[in-house]
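One-letter residues, chain by chain:
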Amino acid sequence: MTLETKYTWEKLVLELKLLRSEDFGSLVPLCIGIQSALWPKDNHETCLRSVQFMGFELLKTCEQKSEAERWEILRSFLFEEKGFQLSSMRPMEVNEETLLMNSVLEDRIGHPLPVVFLLLHLAHFLDLPMALIQARHHFLLKWVRSGKTIYLDLYNECRALNDQELIQVLNRSASNLEVWSSKQLITQYLELLMNSFERSQNLTQLHTVYNLLLQIDETNTSILGQRALLRHKLGFTREALSDLKRYFSFIEKSNAPSELQQCWLELESAPEPPSRGPSELLH
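Residues numbered from 1 in each chain as written. Predicted model: local features only at pLDDT ≥ 70, side-chain atom pairs only at ≥ 80, totals over all residues. Heavy atoms only, no water.

Engineer: How should I be thinking about the overall build of the chain in this particular structure?
Structural biologist: Secondary structure summary: the chain contains twelve helices and six strands in total. Judged by the C-alpha coordinates and their principal axes, the chain covers about 70 × 40 × 30 Å. Of the contacts made within the chain by residues no fewer than 6 positions apart, 61% connect residues no fewer than 24 positions apart. Accessible area for the chain stands at about 14500 Å²; split by element, carbon and sulfur atoms hold 48% of it. (Helix = DSSP H or I, 4+ residues; strand = E, 2+ residues; numbered from the N terminus. Contact = heavy atoms within 4.5 Å. Areas by Shrake-Rupley, 256 points an atom, 1.4 Å probe, with all protein chains shown as cover.)

Written as structure tokens, this is what we have:
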């Protein structure tokens, strides 16, 4: 996925569906596309230009440089020259300002995940093959170069770990050195946004995130049930009933959470709602 000045819902959904396992260079453009879907009337030009400028600046600096030199230039550029820092990962302290790419770029501080996305995006620019390891409560990057694997610790400005340090991190994080796929990473990102919007009761944006998660996995019954409840709360009765019908095609009614059973009883016994015109919220 390339950086573009305008996103449509249809284009964003298509890019999510076509996302390849190791297409890590697409994560930042997808984040900006998600941001555009959340606030379609806002101008995201500054965010786009900032990322593009960083990429071109690095490309120029890295001309005729070796792979190892390109990496050290990138690492120094992000954490020393630009001064990017990591914000707290505590659930109650994660909010949209630490997740959205425009805020992360402007404030130079963010949740580790969007910072990793930015690093992977720029590494892709410089032809540096990197991925994020499935390490619990830790952010460890894997870099394969010249037949050698190097592990980089995001919490230490992405400096390489020696063997003993790597073993200690792996023991603490219960990692088996498998890497996250691009789709898994963007799903984690959407789930972080979802949790933030649920806490802040930002219902319009929350509904959009539910929509995107269901585009990635239409059989996600947990999200489907949550969207049904939210649609009912927002007054989209017909759409809430449709979600519940799909939900109960996967889950027995007797096994469903009580709030979903109650919502079903209310909607099923209510008069059929009138049809409504197109709504940007519903996509």
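Engineer: Looking at this structure, how should I read the pattern of salt bridges?
Structural biologist: Two side chains of opposite charge can pair, provided their charged atoms sit close to one another. Under the definition given, this model contains twelve salt bridges. Arginine 20 serves as the salt-bridge partner of aspartate 23, at 3.7 Å between the closest nitrogen and oxygen. Taking relative accessible area as the criterion, aspartate 23 reaches 13% and is therefore assigned buried. Among the residues examined, arginine 20 registers a relative accessible area of 58% and is labelled exposed. Between arginine 75 and glutamate 80 there is a salt bridge whose closest N-O contact spans 2.8 Å. (Salt bridge = Lys/Arg side-chain N within 4 Å of Asp/Glu carboxyl O. Buried < 20%, exposed > 50% of the residue type's maximum accessible area, 1.4 Å probe, protein only.)

Engineer: Mind showing me how you'd approach the environment of serine 146 here?
Structural biologist: Within the fold, serine 146 resides in the loop between β4 (140-145) and β5 (148-153). Judged by relative accessible area, which is 74%, serine 146 ranks as exposed. Considering only alpha carbons, one finds serine 146 and glutamate 67, 79 residues apart in sequence, at a separation of 9.4 Å.

Engineer: Would you mind going over the sheet that holds β5 with me for this structure?
Structural biologist: Sheet strands pair by backbone hydrogen bonding; their relative direction is either parallel or antiparallel. With antiparallel pairing, four strands are arranged side by side in an open sheet as β3-β4-β5-β6. Only two strands of the sheet have a single neighbouring strand rather than two, namely β3 (130-132) and β6 (159-160). The sheet contact formed by β5 and β6 spans two bridges and is antiparallel. Within β6, the position partnered with aspartate 153 by the bridge is arginine 159. Together, β3 and β4 form the strand contacts of helix α6 (residues 112-125), whose direction differs from that of β3 by roughly 165°. (Pairing = 2+ DSSP bridges. Axes fitted to C-alpha atoms, helices over the stretch in contact; angles between N-to-C directions.)

Engineer: Looking at this structure, I do not really get the packing of aromatic side chains. What am I missing?
Structural biologist: The geometry of two aromatic rings is summed up by the distance between their centres and the angle between their planes. Going through the model one piece at a time under the given rule, you end up with seven aromatic pairs. Between tyrosine 247 and phenylalanine 248, the ring centres sit 5.3 Å apart and the planes meet at 85°, which makes this aromatic pair edge-to-face. Accessibility expressed as a relative area gives 14% for phenylalanine 248, which makes it buried. Through a chain of ring-to-ring contacts, the aromatic side chains of Tyr247, Phe248 and Trp264 assemble into a single cluster. The ring of phenylalanine 248 carries the charged tip of lysine 253 above its face, separated from the ring centre by 5.1 Å. (Phe/Tyr/Trp six-rings, centres within 6.5 Å; stacked < 30°, edge-to-face > 60°. Lys NZ or Arg CZ within 6 Å of the ring centre and 35° of its normal.)

Engineer: Where do I start with the pairing of β4 in this structure?
Structural biologist: If a strand is regular, its side chains alternate between the two faces of the sheet. Relative to β4, β3 runs antiparallel, the two sharing three bridges. Paired with leucine 132 across the strands is leucine 141, a residue of β4. With six bridges joining them, β4 and β5 adopt antiparallel strand pairing. Bridge assignment links leucine 141 to a residue of β5, and that residue is leucine 152. In this antiparallel pair of consecutive strands, β4 and β5, the connection spans two residues, and serine 146 shows a positive phi of 50°.

Engineer: For this particular structure, what's the right way to read the state of the cysteines?
Structural biologist: One way to say it: the disulfide is the covalent bond shared by the sulfur atoms of two cysteines. Across all of its chains, the model carries zero disulfides by this definition. Counting only cysteine sulfurs, cysteine 47 is the nearest neighbor of cysteine 31, a cysteine outside any disulfide, at a range of 9.0 Å. Note on cysteine 62: no disulfide assigned, nearest cysteine sulfur contributed by cysteine 158 at a separation of 15 Å. With relative accessibility at 5%, the residue cysteine 62 sits in the buried group. (Disulfide = S-S within 2.5 Å.)

Engineer: What is the right way to look at the nonpolar core in this model?
Structural biologist: As a rule of thumb, soluble globular proteins bury nonpolar side chains together. Residues Phe117, Ile186 and Tyr189 are the most contacted members of the largest nonpolar core, which totals 84 residues. In terms of residue count, the dominant contributor to this core is α6 (nine residues). Counting eight residues, the second largest nonpolar core, distinct from the first, contains Ile133, Ala135, Leu161 and Leu170. (Core = buried A, V, L, I, M, F, W, Y, C linked by side-chain atoms within 4.5 Å.)

Engineer: Honestly, the packing of helix α11 (residues 237-250) against helix α12 (residues 258-269) in this entry has me stumped. Any pointers?
Structural biologist: The relative placement of two packed helices comes down to the angle between their axes together with the axis-to-axis distance. Between α11 and α12, the least distance of the axes is 10 Å, while the angle of their chain directions is 125°. On the basis of the axis angle, α11 is oblique to α12. At the point where α11 passes α12, the crossing takes the left-handed sense. Contacts between α11 and α12 involve Thr237, Ala240, Leu241, Leu244, Lys245, Tyr247 and Phe248 from the first element and Leu260, Cys263, Trp264, Leu267 and Glu268 from the second. Residue composition of the contact of α11 with α12, by class: nine nonpolar, one polar and two charged. (Parallel < 35°, antiparallel > 145°, perpendicular 65-115°, else oblique. Left-handed = near helix turned anticlockwise from the far one by under 90°. Nonpolar A, V, L, I, M, F, W, Y, C, P; charged D, E, K, R; others polar.)

Engineer: Help me understand helix α3 (residues 45-61) in this model?
Structural biologist: Since the α-helix turns once every 3.6 residues, residues separated by three or four places project in the same direction. Here α3 contains 17 residues, and its C-alpha end-to-end distance of 24 Å stays within 8% of the 24 Å for a straight helix at 1.5 Å per residue. The secondary structure elements touched by the buried residues of α3 are α2 (27-38), α4 (67-81), α5 (101-107) and α6. (Expected span 1.5 Å × (residues − 1).)

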